[in-house]
Amino acid sequence: MTAHTPPPPAMGCRNAPVLKERGQHEVFCGLTGIIWLHRKMQDAFFLVVGSRTCAHLLQSAAGVMIFAEPRFGTAILEEGDLAGLADAQEELEREVDRLLARRSDIRQLFLVGSCPSEVIKLDLSRAAERLSAKYAPRVRVLNYSGSGIETTFTEGEDACLAAMVPALPASDERQLMMVGALPDVAEDQALDLLAQIGIDKVSVLPARNADTEVSVGPNTSFALTQAFLGGTHAALERRGARHIPAPFPFGEEGTTAWLRAVARDFGIDQARVDAVIDAPRARARKAVAKAAETLSGKSLFFFPDSQMEIPLARFLTRECGMRAVEVGAPYIHKTLVGPDLELLAEGPVISEGQDVEMQLDRCRAAQPDLTVCGLGLANPLEAEGLCTKWAIELVFTPVHFYEQAGDLASLFARPLRRHDLLKLEAAE
Ligand code: SF4
């Protein structure tokens, strides 16, 4: 059990060799992001322009979570559209007219592209522009792609936020933008800590509703809360904003480093920050130490899935005492995850991309105590006797910042405890 995190490693993984694989990969598509984005942006509607498969994916992934009038739907491309027999563009615009006539609560409408809409080259940006002009200022219409062609599921959020950036009003004000769609409880805690530290002007992208002012300009510094926002990072830099590099706010160490980096950028001295964070840090350490009793000494293998793998590996090895065998990520964007790689001690294979069969062979050879992977791989690996954790749960659950640090560690401890119990029962 590690009550305190160790000092930074002499040799981190920032310059470690990366095993690059470009083969078959097993991940969900970017449409999945709608499931958490629609809960975050309360006056937005996501209209997927796709096939019945896309509608089915959304319904089955979100089915259990719909408890009010849904804020997403699918404009189904029929065979005639796909064969170029009908004017899908006109039909889409009619569909939007019908939707907006029915739903006066919608203030932001996202036209979400899919594999079929990309294959038939439906121009969603032209549709969004035309519809935006027609419905301004009541509704802003934007578009992005959630297609699963060569992408991973968290890229849907990245594409959505990146699409919002060019439409943000310009501002010269000195301000912080916190970027990433977090559950409200985690977001509120972060805003509270930032206010106590002395950063008064903070906005969040995405905001909870369209009326909340979020502006950007050369005096905006932005801090990412999710490791998969490479496109949004580039879009914000194009608007003149400056990125604050920092480890991601997972666990006590990540949260402390993230807050200190933000405070440094705003010229606030560390003593003031430390006075604010002392008590929540101690609570986080205590909560993590409890879950670490199960995790400490156990080996860990990450398949590439959520793009959160590197910051999570840093948390699980440094704060929970686990040993990483392989840390696979769909893409390694060093500008974003460099500070986490620096803290991750040399040793694990760092892999980017996927050749699923080869990676499965490495995983079977390593026989890790815990394998973090997507839904598609979890069941077969469990059947082979390995203990798995689904990465997708991490984007639905509040896991960021101090008060969630214990829950984050518990999410990984739970499958290990269940696995041990099952083994015990089988032995009796
Ligand atoms: S966008 Fe592509 S991968 Fe995703 S559900 Fe639709 S067809 Fe499938």
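Residues numbered from 1 in each chain as written. Predicted model: local features only at pLDDT ≥ 70, side-chain atom pairs only at ≥ 80, totals over all residues. Heavy atoms only, no water.

Note: strands within a sheet are paired through backbone hydrogen bonds, in either parallel or antiparallel orientation. An order of S3-S2-S4-S5 is seen for the four strands of this open sheet, with the pairing classed as parallel. The sheet is open, and its two borders are formed by strand S3 (72-76) and strand S5 (140-145), each paired with just one other strand. Along the sheet, successive strands turn relative to each other by an average axial angle of 25 degrees, direction set aside. In the sheet, strand S2 (residues 44-50) pairs with S3 via five bridges, with the strands oriented parallel. Bridged to Gly50 within S3 is Ile76. Helix H6 (residues 124-135) rests against S2, strand S4 (108-113) and S5 of the sheet, and its axis sits at about 170 degrees to S5. (Pairing = 2+ DSSP bridges. Helix = DSSP H or I, 4+ residues; strand = E, 2+ residues; numbered from the N terminus. Axes fitted to C-alpha atoms, helices over the stretch in contact; angles between N-to-C directions. Contact = heavy atoms within 4.5 Å.)

Turning to the nonpolar core, a few remarks are in order. One recurring pattern in soluble globular proteins: nonpolar side chains tend to sit buried together. In terms of nonpolar packing, the biggest core is built from 107 residues, with Phe46, Phe110 and Phe412 touching the most fellow members. At eight residues, helix H11 (residues 270-295) tops the list of elements feeding residues into this core. What Phe46 contacts, discounting residues up to four positions off in sequence, is Ile34, Leu37, His38, Met41, Arg71, Phe72, Gly73, Phe110, Val112, Tyr144 and Cys160. In terms of nonpolar packing, the next biggest core, distinct from the first, is built from 21 residues, Leu47, Val49, Leu109 and Leu131 among them. (Core = buried A, V, L, I, M, F, W, Y, C linked by side-chain atoms within 4.5 Å. Buried < 20%, exposed > 50% of the residue type's maximum accessible area, 1.4 Å probe, protein only.)

Below, the discussion takes up the domain arrangement of the protein chain. For the protein chain, the assigned domains are domain 1 (9-25 + 281-421), domain 2 (30-151) and domain 3 (175-270). The gap between the C-alpha centroids of domain 1 and domain 2 is 33 Å. On the domain 2 side, the residues contacting the five residues of domain 1 number seven residues. Around 480 Å² of area is buried between domain 1 and domain 2 when both sides are counted, 66% of it from carbon and sulfur atoms. For the pair domain 1 and domain 2, the interface holds zero salt bridges. Applying the counting criterion to the domain 1 and domain 2 interface returns zero residue pairs in polar contact (both at pLDDT 80 or more). Residues of the side of domain 1 that touches domain 2, tallied by class, amount to four nonpolar, one polar and no charged. (Domains from an automatic or database assignment. Buried area = accessible area lost by both parts, 1.4 Å probe. Salt bridge = Lys/Arg side-chain N within 4 Å of Asp/Glu carboxyl O. Polar contact = N/O pair within 3.5 Å; in protein donor to acceptor, adjacent residues only side chain to side chain. Nonpolar A, V, L, I, M, F, W, Y, C, P; charged D, E, K, R; others polar.)

Residues in close proximity to the ligand include Cys29, Leu31, Cys54, Ser114, Cys115, Pro116 and Gly148, which together make up its full environment. The class makeup of the residues in the shell around the ligand is five nonpolar, two polar and no charged. (Near = heavy atom within 4 Å.)

Another point: the state of the cysteines. Per the counting criterion, the structure on display carries zero disulfides. Cys387 supplies the cysteine sulfur nearest to Cys320, a cysteine that is in no disulfide, at a spacing of 15 Å. (Disulfide = S-S within 2.5 Å.)

Turning our attention to the sheet that holds strand S7 (residues 202-205). Across the sheet, which stays open at both edges, the four strands sit in the order S7-S6-S8-S9 with parallel pairing between neighbours. If you trace the sheet from one side to the other, it starts and ends with S7 and strand S9 (242-243), each paired once. Direction of pairing for strand S8 (residues 220-224) relative to S9: parallel, over a ladder of two bridges. Among the inter-strand pairings, Phe222 is bridged to a residue of S9, identified as His243. Against the sheet, helix H9 (residues 230-238) makes contact with strand S6 (175-179), S7, S8 and S9, and its axis sits at roughly 175 degrees relative to S8, the strand it touches most.

As a further point, take the side chain of His243. Here His243 shows up in strand S9. Assessed through its relative accessible area of 11%, His243 is described here as buried. Here His233 takes part through its side chain, which lies 3.4 Å from a polar atom of the side chain of His243. Aside from chain neighbours lying at most four places away, what touches His243 is Phe222, Leu224, His233, Glu237 and Thr335.

When the terminal C-alpha atoms of H11 are compared, their 32 Å separation across 26 residues is substantially less than the 38 Å that a helix rising 1.5 Å per residue should span. Taking the largest bend as the criterion, H11 deviates by roughly 50 degrees, centred on Ile277, and proline Pro280 comes between one and four positions later. In the segment just after H11, Gly297 is the residue with positive phi, at about 85 degrees. (Expected span 1.5 Å × (residues − 1). Bend = angle between axes of the 7 residues up to and from the residue.)

A separate point is the pairing of strand S11 (residues 323-329). Counted residue by residue, S11 has five buried out of seven residues, so it is predominantly covered. Direction of pairing for strand S10 (residues 299-302) relative to S11: parallel, over a ladder of four bridges. Pairing of Ser299 across the sheet is with Arg323, part of S11. Read from S10 through helix H12 (residues 309-318) to S11, the crossover connection turns out right-handed. Relative to strand S12 (residues 349-354), S11 is paired through four bridges, and the arrangement is parallel. Each residue of the ladder has a partner; that of Glu326, found in S12, is Val349. (Right-handed = clockwise from strand over helix to strand, strands pointing away.)

Another aspect to go through is the environment of Val185. By secondary structure assignment, the location of Val185 is in helix H8 (residues 184-197). Residue Val185 is classed as partly exposed on the basis of its relative accessible area, which comes to 41%. For the pair Val185 and Gln404, spaced 219 residues apart in the sequence, the C-alpha separation amounts to 9.5 Å. When near neighbours in sequence (up to four residues on either side) are disregarded, Val185 contacts Pro398 and Gln404.

This part covers helix H13 (residues 334-343). Along H13, seven of the ten residues are buried, which leaves the element largely enclosed by surrounding structure. Regarding H13, the residues found buried are Leu336, Val337, Gly338, Pro339, Asp340, Leu341 and Leu343. Buried positions along H13 lie against S8, H9, helix H10 (251-265), H12 and S12.

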